[in-house]
Every structure is written in structure tokens, then in C-alpha cells.
Amino acid sequence: MTSERDPLTGKVIGLAIDVHRALGPGLLESAYEECLCFELEQAGIPFQRQVPMPVTYKSVHLELGYRLDLVVEEKLVVELKTVERLLPVHEAQLLSYLKLGGLRIGLLINFNVPVLREGLKRLVV
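Residues numbered from 1 in each chain as written. Predicted model: local features only at pLDDT ≥ 70, side-chain atom pairs only at ≥ 80, totals over all residues. Heavy atoms only, no water.

## A closer look at the packing of aromatic side chains
Here's step 1: Taken as a whole, this structure holds two aromatic pairs when the rule is applied.
Here's step 2: Each ring, one from Tyr32 and one from Phe111, has its centre 4.4 Å from the other, and the planes form 5°; the classification is stacked. Of this pair, Tyr32 sits in helix α2 (residues 29-43) while Phe111 sits in the loop between β6 (105-110) and β7 (120-124), placing them 79 residues apart in sequence.
Here's step 3: Arranged with centres 6.4 Å apart and planes meeting at 65°, the rings of Tyr66 and Tyr97 form a pair that is edge-to-face. Of the two residues, Tyr66 is situated in the loop between β3 (60-62) and β4 (67-72) and Tyr97 in helix α3 (residues 88-101); the sequence distance between them amounts to 31 residues.
Here's step 4: A residue is classified by how much of its surface remains accessible, and Tyr66, at 41% relative accessible area, is partly exposed.
Here's step 5: For Tyr97, a relative accessible area of 7% translates into the label buried. (Phe/Tyr/Trp six-rings, centres within 6.5 Å; stacked < 30°, edge-to-face > 60°. Helix = DSSP H or I, 4+ residues; strand = E, 2+ residues; numbered from the N terminus. Buried < 20%, exposed > 50% of the residue type's maximum accessible area, 1.4 Å probe, protein only.)

As C-alpha cells, then:
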């Protein structure tokens, strides 16, 4: 994974690494989300948290309760996980969110790993 192509993902990854170094693995996803939001605020990076994601099916707007963990600078979707390992279904989830939200760049961040670099996946559509 290289974040040099996109300075924003590089910044978010750096902040996530700071959170992971401080807390380590083993906590609930909500704890990492709260801490990453704190770091984004401290860095002055605009973001939205728990953004509703409606689905349009055959011209019907459906509120199904989907929520994006974070949307950073209105262009980067950040999906947080605390799982044993990232699976293809997690990538599919993020790709669906990008498609539904009309966004191009997403980060999957799994905090339940010894070294955060092992839990990072950057997706571009």
C-alpha cells in the first residue's frame, strides 16, 4: 500500500497508526473510531462521522440503516474494523459504499492486528 499518490490517505493512515500505537489491538471498533475522530479534529481535517447511506432501487429511495464510519474531506470513505483479518466481503462492502456515495477513494483499517500496516487496504474505483 502506498499513500504517496494521495496525501489525504497518507495523513489519515498516519493518524490511525498513532491511535493504534497508543491503544494496541483488542478494543471495540467504537473506541478506535472515537480516537481517530479526535486525531482528525486535532489535525484540522474536516470529516463526517456515521454518515447515512441510503440505497436507491428502481427509483425508490430506501433508508436501510447503512452508515459510513467516516467520510474525510467529502472524498475519502474510511471503514473501520476490529476483525481477525480483512476478508473479501469487507472490500466488497467498501466498494459498494464508494459506488452508492459517488466517491472514488476508500480506506479499510483493521485495528485488530499487531502492526497496523498489516490491517490497511486502500481502494480506488
